[in-house]
Every structure is written in C-alpha cells, then in structure tokens.
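# Reading the structure
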Amino acid sequence: MRWAREHPAWTMFAAMVGLLLFLWGMAIPLSLAPAPIGPAAGLFADGTRVTVMLTLVAGSAGIVIGVLAGLGKLSAFLPLRWFCNFYVWLFRGTPLLLQILFIWLVVPQILPESVEISDFACAAIALALNVGAYNTECVRAGILAVPHGQVEAARALGLSPFQTFMDIVLPQSMRVALPALANNLASLVKDSSLAYAISVVELTMVGYRIQAESYQPIPVFLTVATIYLILTTAFTTLTAALESQLDVGRKR
Amino acid sequence: MELKPIIETQDVHKHFGAFHALKGVSATFYEGQVTAILGPSGSGKSTFLRTLNRLEPHDSGSIRVDGIELDDNLKHLDAIRREVGMVFQSFNLFAHMSVLRNLTLAPMRVRKMGRKEAEEKAMALLERVGLKDQALKYPVQLSGGQQQRVAIARALAMDPKVLLFDEPTSALDPEMVNEVLSVMRELAHTGITMLVVTHEMGFAREVADRIIFFDHGAILEDAAPQAFFSNPEHDRARAFLSQVKHGY
C-alpha cells in the first residue's frame, strides 16, 4: 500500500478503471467456470452491477445528507438542530431492513397514483437515509476538528460564510472525517444486500436464486463472497487514495 | 501633512459574560499612521483590535472604518473586511493549501481577480517577503517565521488600507522574531496604516508613530513613542515598562 499512498491520483484512477473493467468483463471469465457458476455468469454480472449502482447512488446521496445534517447539528437555529438530532436518532436506532421495508411499502401509498417509484429507488432512498445518519456524526466531528483560527482568517480576508465553508472548513473537515466515511461506504457495499427483501435483484439475491435452482450453495456463495471482497477492496483502495490526497497539508 | 481619519471608534464597550473587556474606548487612527498598542495581558488590547473587523462584535458604541459604520449590516461588514487585513498570533495559514494558493484565494474569490493575475501578484508579494522559492510548499513545511511572513503577504494580497497585527511575533522562536519585524518595518515605510498589538518594545519605539497603552479595558495613555518611553504619565504605564525592561 506504500505505492498507493505515494501516488494517490494514479491509485484512484486505477481503482476506478479496475472496478469498471471488473464490472464490464466479469461475465467472460465467470462463463468459463464449471456449472453452476458458468451458465449463470450473466446473472452474476447483472447482480454485481445493481449492487455497485446501489452503493454509488446511496453512497453519494448519503454523503450529501451527512454534510447537510452534520451542519444542521451545529446550527445556531434550535429547531434545525432538533430535526437533525431526531433524524440521526431515528435511523441509527431502527433496523435497516425495517427502514427498507417501510419505504417500499409506505412511500407508494403516500405518493399520488400516477407517480411510479421503482424497487431500486426505494432501496436506494432507504440506504441513503441510513448511511446519511451515520455520516452525519462523522462530518460533525470533522467540522469541529477544524481550528477556529482558520475560519477567522478566512472571514478577515473578506470571504463570505458560504465561501469560508466550501473553501476552508469542508476540505479540512473531510481530512478528519474521511476514514470514518470510508468505513461507512464499505459497510454500504454489504448493507445493500438487504435490498433483496424488496425483490431488488442484486448480487446476494442472484446467488440465492442460482443456488435454489442448482442445489449447490457452496460454489455459488463462495463466488458471491469473492465478488463482494473484490468490490470492498476496490472501494477501500479508492478512499485510501483520496485520504492521502487530502492529507497534503500535514505532510512534512 | 494633513491627517485623514481612517478608523474612528467612539465609546466602544465589550463584555465576555460578566467580564467587562472594553470600557468605553474612543480613539481615531489616521491614514499612514503606525500605532503600537501596548499593555499587560488581559488589558483588552487584542479584543479592541478584533472588534475593528468584527471578529468580536462590540456591545455598544460606534466604530467607523473608512467612513463605513461597522454594524450588523453584512454589506458594511464585507466592505470593511476588504479594506482591513489581519495578521494573527498563530498565523492561521490555510493548512490544506499551498503558500501560493493561500495568497490567491481571497483576491480570486472576493475581488474576482483572474488566476493568472492573482498568481503574478502573489509571486511579487512573496518576493517582497523573501519567500519566492517557497510558493509551492505547504504551511507545515515552513518555519514559524516563514509562515508569519506568508501570512503578512496573504493580507497584503487584498490591497488593504489598514493592516491589523495581533501579537505577530509572540508565537515565534526568538531567532525568528527579527525576520518578521524587518518585513513589518519595511511595510511601515510604505504608507499603509498599521495597528500593531505587540510586546516588542524595541519595535514599538523605533517604528511606531504613536503608542497607545491599554489597561483594564481602557486607553490609559496615548502618546508619541519618545514621550511614552522616556516619561510615561501614569504609574501603571511606568510599572509596565519597568516590568518589560526586566525581561530583556
């Protein structure tokens, strides 16, 4: 990992390319494997794509939610603070599976008949809200870790509160928050498997179906586990590279 | 020479909870003047300096900078902060940005200057403080004295009319104090208005046009350096001077 730390931009690029190649070409090597894996290679590839999409969509939405709610928790405006505290308390205090089921069953009832919301979207919303709640605490800690002198210097130079936040506070807070956020993202790759409960055909669901047809759970679940490991490794490499990119200010 | 007022304060009060930090400070500072603000710690001199660009809002009284009233109006505040630069005791350079970016950020964001122009200007300023070679380094890679010189250059990049120095050498190792003072000395001759909170008596005596002595949240003496150092009017000032002289 020393090389990855010294060349963060390349590592990020390589991890991205690797992930894309993996998604794109996964069906080819898998199709060479003996039954029950080979014949189902296309299904594995589809399931992996859904898992990655869920992770990326929910992960990026979750970061935005985390930043907004993290700021909200530090706001001087008391009702906003209450609201953000309530949100974190609610989503950290209830099971993720329940949240997914709740959104899947309740949201269509609230929305007007004409609006269709896909199973995938329901899963993505629930996962984003859940990971967002965990991100909130990381972001808040990160913001509190930025020395107040940095803000004073920016304000004294005439930067607006918004510019101060975007240019000074947020980048510096990310340096502190990123390891924890990366942790949450790695968890999200795995948590996305709970979407199988609302019939989203992601990787775990694919594995479950294939073993149900072939009666061979061992090779099927080993394949699924390997794919998850490759995905989480790619995501952590990516975030590790990002971390050292943000760490420049501390390097000697 | 006719003196044009640039900062006027009238009966400024400031409380921190029950502590009465500023007790009715009235003073006028003129364009091009270098004022050293002295006084024992806790006397309110730093607080006073920080009220001048509203890092500490004052509770009552009035502060006018370049004719603009410093109040809750954000437009006034922005206008004033564009004209008033500040140098801090702990430098407060932006830790995640290179030296060059520290200097170009505010001109690009606040003055809407183009990147090329901002960078040329930054390099010229870095040359002036003797740090042209350090432009691409990060603050942690510099010594304290170098960081403070960068901080001065960063404040100058906004072309301020007034520069506030809040104990600029107090956090420095002794061998680095002089490099910062010599930059400040050079600045003082350029005609920029400077207000310097400091414990450097030699600098105050040699460079300042005027000495203000704070005690218990109020201005006790306001005099020319010659008069203040050779013959202070009040016992408190005399005691303070003999204390700091012992330090040398």
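## Considering the confidence of the model for chain B
On average, chain B scores 92 in pLDDT, and the residues at 70 or more come to 98%. Taken together, the chains of this predicted complex give a pTM of 0.82 and an interface ipTM of 0.90.

## Some thoughts on the interface of chain B and chain A
Counting from both sides, the interface comprises 25 residues of chain B and, opposite them, 21 residues of chain A. Summing the contributions of chain B and of chain A, the shared interface buries around 2000 Å²; its carbon and sulfur component is 57%. In terms of surface lost to chain A, no three residues of chain B exceed Arg81, His96 and Val140 of chain B, which account for 27% of the buried area on that side. Where Glu152 of chain A meets Arg50 of chain B, a salt bridge forms, and the shortest distance between an N and an O atom there is 2.5 Å. Viewed at the interface, chain A and chain B are joined by seven residue pairs in polar contact (both at pLDDT 80 or more). Sorting elements by how many residues they give to the side of chain B that touches chain A places helix 3 (residues 99-109) of chain B first, with three residues. Its residues assigned to classes, the side of chain B that touches chain A comprises 16 nonpolar, four polar and five charged.

## Quick look at helix 3 of chain B
The element helix 3 of chain B is largely enclosed, with a buried count of nine among its 11 residues. For helix 3 of chain B, the full list of buried residues reads Val99, Leu100, Asn102, Leu103, Thr104, Leu105, Ala106, Pro107 and Met108 of chain B. Buried residues along helix 3 of chain B sit in contact with helix 9 (161-191) of chain A together with helix 4 (115-128) and helix 5 (144-156) of chain B.

## So, empty space enclosed by the protein
Residue and element names in this part refer to chain A. Under the defined criterion, the tally for this structure stands at two cavities of 30 Å³ or more. In this model, the largest cavity occupies a volume close to 50 Å³. If you trace the largest cavity, you find it lined by Gly59, Ile63, Val131, Asn135, Leu181, Asn184, Leu185 and Leu188. Residue contributions to the lining of the largest cavity peak at four residues, all from helix 9. In terms of residue class, the lining of the largest cavity is made up of five nonpolar, three polar and no charged. There is about 40 Å³ of room inside the second largest cavity.

## Here's the deal with unusual backbone geometry
A positive phi angle, near 55 degrees, is found at Tyr215 of chain A, a position not held by glycine. Overall, Tyr215 of chain A belongs to the exposed group, its relative accessible area being 70%.

## Some words on the environment of Thr55 of chain A
Residues and elements named next belong to chain A. Positionally, Thr55 belongs in helix 4 (residues 41-73). What makes Thr55 buried here is its relative accessible area of 1%. The residues contacting Thr55, other than those within four sequence positions of it, are Ser60, Leu185, Leu188, Val189, Ser192 and Phe235. Separated by 2.8 Å, the side chain of Thr55 and the backbone oxygen of Thr51 make a polar contact.

## Thoughts on the pairing of strand 8 (residues 193-197) of chain B
Residues and elements named next belong to chain B. Within strand 8, five of the five residues are buried, which leaves it mostly tucked inside the rest of the structure. Alternating residues of strand 8 divide into Thr193, Leu195 and Val197 and Met194 and Val196, and every residue in both groups is buried. You can see the chain leave strand 7 (residues 162-166), run along helix 6 (residues 174-188) and come back into strand 8, and the turn it takes is right-handed.

## Examining the side chain of Gln163 of chain A
Checked against the element boundaries, Gln163 of chain A lands in helix 9. Assessed through its relative accessible area of 16%, Gln163 of chain A is described here as buried. Sequence-distant contacts of Gln163 of chain A, defined by excluding residues within four places in its chain, comprise Ile168 of chain A together with Arg109, Val110 and Lys112 of chain B.

## Remarks on the pattern of salt bridges
Under the criterion given, the structure shown has 20 salt bridges over all chains. With its nearest N and O atoms 3.4 Å apart, the salt bridge here joins Glu31 of chain B to Lys4 of chain B. A residue pair is termed long-range when its members are at least 10 positions apart, and Glu31 of chain B in the loop between strand 2 (19-30) and strand 3 (34-38) and Lys4 of chain B in the segment before strand 1 (5-16) qualify at 27 residues. Residue classification places Glu31 of chain B among the partly exposed residues on the basis of a relative accessible area of 33%. The residue Arg64 of chain B makes a salt bridge to Glu69 of chain B at a minimum N-O spacing of 3.4 Å. Look at Glu69 of chain B and you get partly exposed, because its relative accessible area is 23%. Where salt bridges share partners, they join Lys73, Glu137 and Arg140 of chain A into one cluster.

## Description of the packing of helix 4 of chain A against helix 11 (residues 217-246) of chain A
Residues and elements named next belong to chain A. Between helix 4 and helix 11, the least distance of the axes is 12 Å, while the angle of their chain directions is 35 degrees. When the axes of helix 4 and helix 11 are compared, the crossing they make is right-handed. In this structure, helix 4 uses Phe44, Thr48, Thr51, Val52, Thr55 and Leu56 to contact helix 11, whose residues at the interface are Val220, Thr223, Val224, Ile227, Tyr228, Leu231 and Phe235. Residues that form the contact of helix 4 with helix 11 fall into these classes: nine nonpolar, four polar and no charged.

## Notes on the sheet that holds strand 9 (residues 210-215) of chain B
All names here are of chain B. If you trace the six strands from one edge of the open sheet to the other, you get 6-7-8-3-9-10, paired in mixed fashion. Edge positions in the sheet fall to strand 6 (84-87) and strand 10 (218-223), since each has one partner strand and no second. Recorded for the sheet is a direction-independent mean angle of 20 degrees between the axes of neighbouring strands. Relative to strand 8, strand 3 is paired through four bridges, and the arrangement is parallel. Considered in strand 8, the bridge of Ala36 is made with Val196. Packed on one face of the sheet, helix 2 (residues 74-83) meets strand 6 and strand 7 and runs near 60 degrees to strand 6.

Rules used in this analysis
Residue positions are given per chain, counted from 1 along the sequence in the order it is written. Labels follow written order: the first chain is A, the first ligand is 1, and so on. For a predicted model such as this one, the threshold for reporting local features is a pLDDT of at least 70, and the threshold for listing and counting side-chain atom pairs is 80 or more; totals across whole chains, interfaces and linings nevertheless cover every residue. Think of the side-chain values as coming from all heavy atoms in the structure, minus any hydrogens and water. For every residue, the predictor states its confidence as a pLDDT score lying anywhere from 0 to 100. We call two residues in contact when some of their heavy atoms are within 4.5 Å. Buried area is a sum: the accessible area each of two parts loses on coming together, probed at 1.4 Å, counted once for each and added. Salt bridge, as applied in this entry: a Lys or Arg side-chain nitrogen positioned within 4 Å of an Asp or Glu carboxyl oxygen. Under the rule applied, a polar contact is a pair of N or O atoms within 3.5 Å (in protein, one hydrogen donor and one hydrogen acceptor; residues adjacent in sequence only if both atoms are side-chain atoms). To qualify as a helix, a DSSP run of H or I must reach at least 4 residues; to qualify as a strand, a run of E must reach at least 2; elements of each kind are numbered from the N terminus. Asp, Glu, Lys and Arg are counted as charged, while Ala, Val, Leu, Ile, Met, Phe, Trp, Tyr, Cys and Pro are counted as nonpolar; the rest, among them Gly, fall into the polar class. Residue exposure (1.4 Å probe, protein chains only): buried if accessible area is under 20% of the type maximum, exposed if over 50%, otherwise partly exposed. Cavity: a set of points on a 1 Å grid over the protein atoms alone where a 1.4 Å probe fits but cannot get out. Pocket: an open set with protein on both sides within 12 Å along at least five of seven lines, its lining residues, like those of a cavity, having an atom within 4 Å of a point. Grid points are joined across faces, edges and corners, and a volume is the space filled by probe spheres set on the points. Here is how to tell: hold the view so the strands point away, follow the path from the first strand over the helix to the second, and if it runs clockwise the crossover is right-handed. Think of each axis as a best-fit line through the C-alpha atoms, taken over the contacting stretch in the case of a helix, with angles from 0 to 180 degrees between the N-to-C directions. Crossings are sorted by hand: turned counterclockwise from the far helix by less than a right angle, the near helix makes the crossing left-handed, and turned clockwise it makes it right-handed. Whether two strands pair comes down to DSSP finding at least two bridges between them.

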